[in-house]
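Spelled out from the first residue to the last, the chains are:
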Amino acid sequence: MKYKVQPTDKERVMRETDFIVSKTDTRGIITYANRIFIEFLAYSEEELSGKQHNIIRHPDMARGVFKLLWDTLAQKKEIFAYVKNMSKDGGFYWVFTNVTPS
Ligand SMILES: Cc1cc2nc3c(=O)[nH]c(=O)nc-3n(C[C@H](O)[C@H](O)[C@H](O)COP(=O)(O)O)c2cc1C
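Residues numbered from 1 in each chain as written. Predicted model: local features only at pLDDT ≥ 70, side-chain atom pairs only at ≥ 80, totals over all residues. Heavy atoms only, no water.

Q: Hey, could you run me through the pattern of salt bridges in this one?
A: Side-chain pairing between opposite charges can occur once the charged atoms of the two side chains come close. Per the stated rule, a full pass over the model turns up 8 salt bridges. Measuring nitrogen to oxygen at the nearest pair gives 3.5 Å for the salt bridge that ties D89 to K10. Of this pair, D89 sits in the loop between β3 (79–86) and β4 (92–99) while K10 sits in the segment before β1 (22–24), and the two are 79 residues apart along the sequence. Linking K88 and E47 is a salt bridge whose minimum nitrogen-to-oxygen distance equals 2.6 Å. With K88 in the loop between β3 and β4 and E47 in helix α2 (residues 45–48), the pair connects residues that are 41 residues apart, well separated along the chain. Exposure remark for E47: the relative accessible area of 18% places this residue in the buried category. Three or more residues are tied together by salt bridges with common partners; here these are K10, R12 and D89. (Salt bridge = Lys/Arg side-chain N within 4 Å of Asp/Glu carboxyl O. Helix = DSSP H or I, 4+ residues; strand = E, 2+ residues; numbered from the N terminus. Buried < 20%, exposed > 50% of the residue type's maximum accessible area, 1.4 Å probe, protein only.)

Q: Quick question: what am I supposed to make of helix α3 (residues 63–74) here?
A: For an α-helix, 3.6 residues make a turn, and residues three or four places apart therefore share a direction. If you check α3, its first and last C-alpha atoms are 17 Å apart, about what 12 residues at 1.5 Å a residue would give, namely 16 Å. Buried residues along α3 sit in contact with β3 and β4. Where α3 terminates, the next one or two residues include K76, which has phi positive at roughly 60°. (Expected span 1.5 Å × (residues − 1). Contact = heavy atoms within 4.5 Å.)

Q: How should the site of the ligand be read in this particular structure?
A: With respect to spatial proximity, 13 residues lie near the ligand, and among them H53, N54, R63, W70 and N85 are the closest. In this structure, a nitrogen atom belonging to the ligand sits 3.3 Å away from a side-chain N or O atom of H53. Contact with the protein chains hides 82% of the accessible area of the ligand, taken as 610 Å² for the molecule alone. At the level of elements, α3 and β3 are the ones that each hand at least two residues to the shell around the ligand. If one sorts the elements of the shell around the ligand by residue count, α3 sits on top with 5 residues. (Near = heavy atom within 4 Å. Polar contact = N/O pair within 3.5 Å; in protein donor to acceptor, adjacent residues only side chain to side chain. Areas by Shrake-Rupley, 256 points an atom, 1.4 Å probe, with all protein chains shown as cover.)

Q: In this structure, what is going on with the pairing of β3? I would like to understand it.
A: The side chains of a regular strand alternate between both faces of the sheet. Burial analysis of β3 places 6 of its 8 residues in the buried class, which makes it a mostly covered element. Across 8 bridges, β3 lies against β4 in antiparallel orientation. Note that in β4 the partner of I79 across the bridge is V99. (Pairing = 2+ DSSP bridges.)

Q: Is there a simple way to explain the nonpolar core in this structure?
A: F37, L41, Y43, L48, I55, I56 and Y93 are the most contacted members of the largest nonpolar core, which has 18 residues in total. Those elements that provide at least two residues to this core are β2 (30–33), α1 (35–41), β3 and β4. Aside from chain neighbours lying at most four places away, what touches F37 is I20, V21, S22, I30, L48, H53 and I56. (Core = buried A, V, L, I, M, F, W, Y, C linked by side-chain atoms within 4.5 Å.)

Spelled out as structure tokens, the structure:
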């Protein structure tokens, strides 16, 4: 189930030392999220458990970015990308991500 979230223009800005870590299975279902991830998204661990990572996809993000992401992972390569994510309250934050298959 996806939550119905209305995007707002409220930005959350990361602190210098913030480091977000998440893991998914091969279908994109979240299997691990660190404390900062949970803080920025404002979802509880229970709400995130078993959910698709696209729960935080921001509608401003072009679909092609994620196609490239999954195509790259399928080739057992890592990818770096700027991603705009959406929190539970509709606010957004930018991350520079490194996604690596393991
Ligand atoms: C490890 C990992 C991290 C991901 N992180 C994000 C993320 O921060 N934001 C996001 O929108 N999608 C992220 N994705 C991609 C999503 O799984 C998904 O492909 C994307 O949100 C687009 O949704 P869709 O595939 O249903 O079109 C991540 C995927 C993986 C494997």
